[in-house]
Amino acid sequence: MPKYIAGIDEGTTGARTFVINEDGETVGLAAAELTQNYPHPGWIEHDPQEIVRIQLETFRGAMHQAGIRPDDLAYVGLTNQRETALVWEKDTGQPIYRAIVWASRQTVDVVEQWKEQGLGEQIESTTGLIPDAYYSASKIRWILDQVPGAQERAEKGELLAGTIDTWLVWKFTGGKQHVTEFSNASRTMMFNLAKGEWDDDLLAAYNIPKRMLPEVRSSNAVMGDLNATFGVDVPICGILGDQQAGLFGQAAYSPGQVKMTYGTAGVLNINSGDAPKPVPGLTPSIAWGINGELTYEIEGVQFAQGKTMQWLRDDLKLIHTAPDSEWYAGQVPSTDGVYLVPAFTGLSAPIWDPYARAAIIGMSNATTRLHVIRAAVESMVYQTRDVIDAAQDGTGISIPELRVDGGAVKNNFLCQLQADILGIPVVRPKNQEAAVYGAMLMGGLGMGQWSSLDALAELWEVDRVFEPEMGRDEAESLYAGWIAARDLTRGWLKKAGRA
Ligand code: ADP
């Protein structure tokens with residue numbers, strides 16, 4: 001049995017490939033940046049051929065660094081940016097338009113039209129998702145509308161559609177496999193959450209021909225091999241959308257287990273067991289499907305987590321680097337009543353108020369930049385509490401601990417305050433690349449490298465546990481101040497006559 005595993009991480013900002021050895025150590029890692037195309041304000045598109053090219057470059061780079069050849073690999077796992085979608089020609093493999101990225105707003109009108117047709121409730125009850133341009137369906141509809149003749153060609157079976165996992169597997173297998181898996185499919189707004197299949201009624205309402213869509217397989221299924229790319233039989237096995245991959249990589253295999261990723265944005269994912277659990281303000285999705293059995297999750301997105309640090313650094317110039325925030329925040333015993341609500345583009349989960357705007361409130365003439373920096377770090381913590389409270393209230397699931405990852409969790413101040421404000425331990429694992437490892441572990445289940453989830457759970461190792469130290473009264477009083485500040489920002493654009 002070959003000893004190495006490769007993990008492909010196709011992200012919004014770039015491509016990475018990891019190679020790990022049989023002890024789980026990273027022995028090869030290569031990364032490349034992906035061009036962001038902004039053809040109009042609010043639109044974001046990726047060149048699908050560039051995605052393939054840089055992904056292959058990093059693949060070769062990581063193998064070179066590890067000193068191995070493709071046939072030294074046992075298998076390849078993959079995690080990807082979700083929702084981003086494209087359409088290509090079945091015969092030539094040529095995309096008919098660039099991939100429309102999840103964050104792109106160019107299809108807002110498509111979704112508005114669907115809502116006007118009265119589809120809103122059906123979409124939500126079938127897919128679990130609140131209708132939005134964020135998800136893949138409107139992006140595919142838009143491409144079929146904008147490219148002349150595309151609808152007709154799609155109906156004839158000449159065009160294929162997919163999310164980025166589907167595209168990469170199709171290209172890597174030389175066009176042999178047109179497949180996806182449950183976690184990615186559940187973020188398309190075309191997938192029946194409870195039944196675990198493409199929803200025929202919604203597809204008919206969207207007028208998206210089902211024959212364009214990939215076959216949905218288990219997340220641990222073998223999806224094809226690398227014959228067409230590297231001339232070797234190495235299987236592609238273990239695919240998950242990035243956030244679900246993170247949940248899996250954090251060994252959150254039981255209902256109530258939670259991971260929080262503090263990246264540019266923040267994403268909380270809660271394993272909700274074997275049935276979808278709708279919660280007001282949060283989105284239910286599929287966490288993964290293993291051998292056809294589905295596990296569900298609940299998800300809460302916060303638009304501005306590390307983003308707030310970037311703003312302090314690049315725009316306010318209060319700090320030089322994001323990690324500096326830890327030192328500055330520790331220079332004052334509290335914010336002295338100052339709150340920073342980072343609603344730069346509105347409030348996200350669980351409030352969802354596009355009219356809210358950011359605020360710093362509670363300042364006196366004793367306020368210094370240290371208080372403001374501390375308030376910014378604290379905002380990351382309070383936002384996470386907002387989502388966790390919503391999840392616990394909405395499901396009755398009690399969350400015992402928070403497993404954290406993402407670029408900001410090196411910040412010990414942040415992790416400690418998070419434990420204090422939640423009143424539960426915050427656990428930082430040794431391996432903070434939860435998503436790509438999650439995909440590789442999922443592949444290991446499919447390939448028989450590991451026999452069970454219990455075996456996988458043993459691989460997960462703790463770096464540090466932050467136990468709550470603050471008194472509950474103090475924690476609740478700080479959080480109550482946050483709620484008051486946050487609520488002041490709600491509907492701001494309307495209050496100010498700017499919307
Ligand atoms: P993404 O994958 O979303 O690009 P990362 O997981 O790499 O993000 O995290 C980077 C984000 O974390 C940046 O927004 C940065 O401002 C923030 N960040 C990085 N280090 C720290 C730190 N020590 N304290 C607070 N924020 C940090």
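Right, let's walk through the structure included here. Everything numeric here is computed off the predicted structure, so don't read it as measured data.

**Topic: the pattern of salt bridges**
According to the stated counting rule, one finds 28 salt bridges in the structure shown. Note that E83 and R82 form a salt bridge whose closest N and O atoms lie 3.8 Å from each other. Note on accessibility: E83 and R82 belong to one class, buried. For the salt bridge of E158 with K156, the shortest nitrogen-to-oxygen distance reads 3.8 Å. In the salt-bridge network here, residues are joined through shared partners; they are R82, E83, R187, D242 and E299.

**Considering the site of the ligand**
Near the ligand lie 13 residues; those nearest to it are T264, G306, Q310, G407 and N411. Measuring from an oxygen atom of the ligand, one finds a backbone N or O atom of G407 at 2.8 Å. Computed on the free molecule, the ligand has an accessible area of 580 Å², of which 70% lies beneath the protein chains in the complex. Per-element tally for the shell around the ligand: the top contributor is helix 11 (residues 306-314), with four residues.

**Digging into the packing of aromatic side chains**
Counted according to the given criterion, the structure contains 20 aromatic pairs. Pairing W114 with Y206 gives two aromatic rings, centres 4.0 Å apart and planes at 25°, and the pair type is stacked. Linking W114 in helix 2 (residues 108-116) with Y206 in helix 8 (residues 200-206), this pair joins segments that are 92 residues apart in sequence. Take W114 and Y206: they sit in the same class, and that class is buried. When the ring centre of Y479 is taken as reference, the NZ or CZ atom of R385 above it lies at 4.1 Å. Sitting over the face of the ring of Y355, K494 holds its NZ or CZ atom 4.1 Å from the ring centroid.

**Points about the sheet that holds strand 3 (residues 26-33)**
The strands making up a sheet associate through hydrogen bonds between their backbones, and the pairing can be parallel or antiparallel. The six strands lie next to each other as 3-2-1-5-14-13, forming an open sheet whose pairing is mixed. Two strands lie at the open edges of the sheet, namely strand 3 and strand 13 (222-225), each paired on one side alone. On average, each strand axis in the sheet is tilted by 20° relative to the strand beside it, whichever way the strands run. Across seven bridges, strand 1 (residues 4-10) lies against strand 5 (residues 73-80) in parallel orientation. Following the sheet pairing, Y4 is matched in strand 5 by L73.

**Comments concerning empty space enclosed by the protein**
Evaluated as defined, the whole model comprises two cavities of 30 Å³ or more. As a volume, the largest cavity reaches approximately 110 Å³. Forming the walls of the largest cavity are 16 residues, and the residues nearest its centre are L347, S348, A349, Q383 and W482. Of all the elements in the fold, those that place two or more residues in the lining of the largest cavity are helix 13 (369-395) and helix 17 (472-489). Among the residues forming the lining of the largest cavity, the class breakdown is ten nonpolar, four polar and two charged. Roughly 60 Å³ of volume is contained in the second largest cavity. Every residue along the wall of the second largest cavity is listed here: A85, S136, I140, G162, T163, T166, T180, T188, M190, W198, L213 and P214. Those elements giving two or more residues to the lining of the second largest cavity turn out to be helix 4 (136-146) and strand 8 (159-163).

**Some thoughts on the pairing of strand 16 (residues 266-273)**
With eight of eight residues buried, strand 16 lies mostly within the body of the structure. Joining the antiparallel neighbours strand 15 (residues 258-262) and strand 16 is a turn of three residues. Where strand 16 meets strand 18 (residues 293-302), seven bridges bridge the pair, whose relative direction is antiparallel. Bridge assignment links L268 to a residue of strand 18, and that residue is G300.

**Let's talk about the packing of helix 14 (residues 412-422) against helix 17**
Running from N to C, helix 14 and helix 17 point in directions that differ by 100°, and their axes come no closer than 8 Å. Taken as axis vectors, helix 14 and helix 17 run roughly perpendicular relative to one another. Each of D420, I421 and L422 in helix 14 lies in contact with helix 17, whose residues at this interface are R472, A475 and L478. Across the contact of helix 14 with helix 17, the residue classes tally to four nonpolar, no polar and two charged.

**Some remarks on the environment of A6**
The topology assignment puts A6 in strand 1. With 161 residues separating them in the primary sequence, A6 and W167 have C-alpha atoms 18 Å apart. If sequence neighbours within four positions are ignored, A6 has contacts with F18, V19, F59, L73, Y75, V76, G77 and M440.

**Section: the nonpolar core**
Within soluble globular proteins, side chains that are nonpolar tend to cluster in buried spots. Judged by nonpolar contacts, the single largest core of 55 residues is most densely connected at Y262, L268, L282, L402 and V404. If one sorts the elements of this core by residue count, helix 13 sits on top with twelve residues. Not counting the four nearest positions on each side in its chain, L282 is found in contact with I298, E299, G300, A349, P350, V387, A390 and A391. By size, the runner-up hydrophobic cluster in this structure holds 39 residues, among which are I123, I143, I286 and V301.

Basis of the calculations
Residues numbered from 1 in each chain as written. Predicted model: local features only at pLDDT ≥ 70, side-chain atom pairs only at ≥ 80, totals over all residues. Heavy atoms only, no water. Salt bridge = Lys/Arg side-chain N within 4 Å of Asp/Glu carboxyl O. Buried < 20%, exposed > 50% of the residue type's maximum accessible area, 1.4 Å probe, protein only. Near = heavy atom within 4 Å. Polar contact = N/O pair within 3.5 Å; in protein donor to acceptor, adjacent residues only side chain to side chain. Areas by Shrake-Rupley, 256 points an atom, 1.4 Å probe, with all protein chains shown as cover. Helix = DSSP H or I, 4+ residues; strand = E, 2+ residues; numbered from the N terminus. Phe/Tyr/Trp six-rings, centres within 6.5 Å; stacked < 30°, edge-to-face > 60°. Lys NZ or Arg CZ within 6 Å of the ring centre and 35° of its normal. Pairing = 2+ DSSP bridges. Axes fitted to C-alpha atoms, helices over the stretch in contact; angles between N-to-C directions. 1 Å grid on protein atoms, 1.4 Å probe; cavity = no way out; pocket = protein on both sides within 12 Å on 5 of 7 lines; lining within 4 Å. Points joined across faces, edges and corners; volume = space filled by probe spheres on them. Nonpolar A, V, L, I, M, F, W, Y, C, P; charged D, E, K, R; others polar. Parallel < 35°, antiparallel > 145°, perpendicular 65-115°, else oblique. Contact = heavy atoms within 4.5 Å. Core = buried A, V, L, I, M, F, W, Y, C linked by side-chain atoms within 4.5 Å.

So yeah, pure geometry; function would need other evidence.
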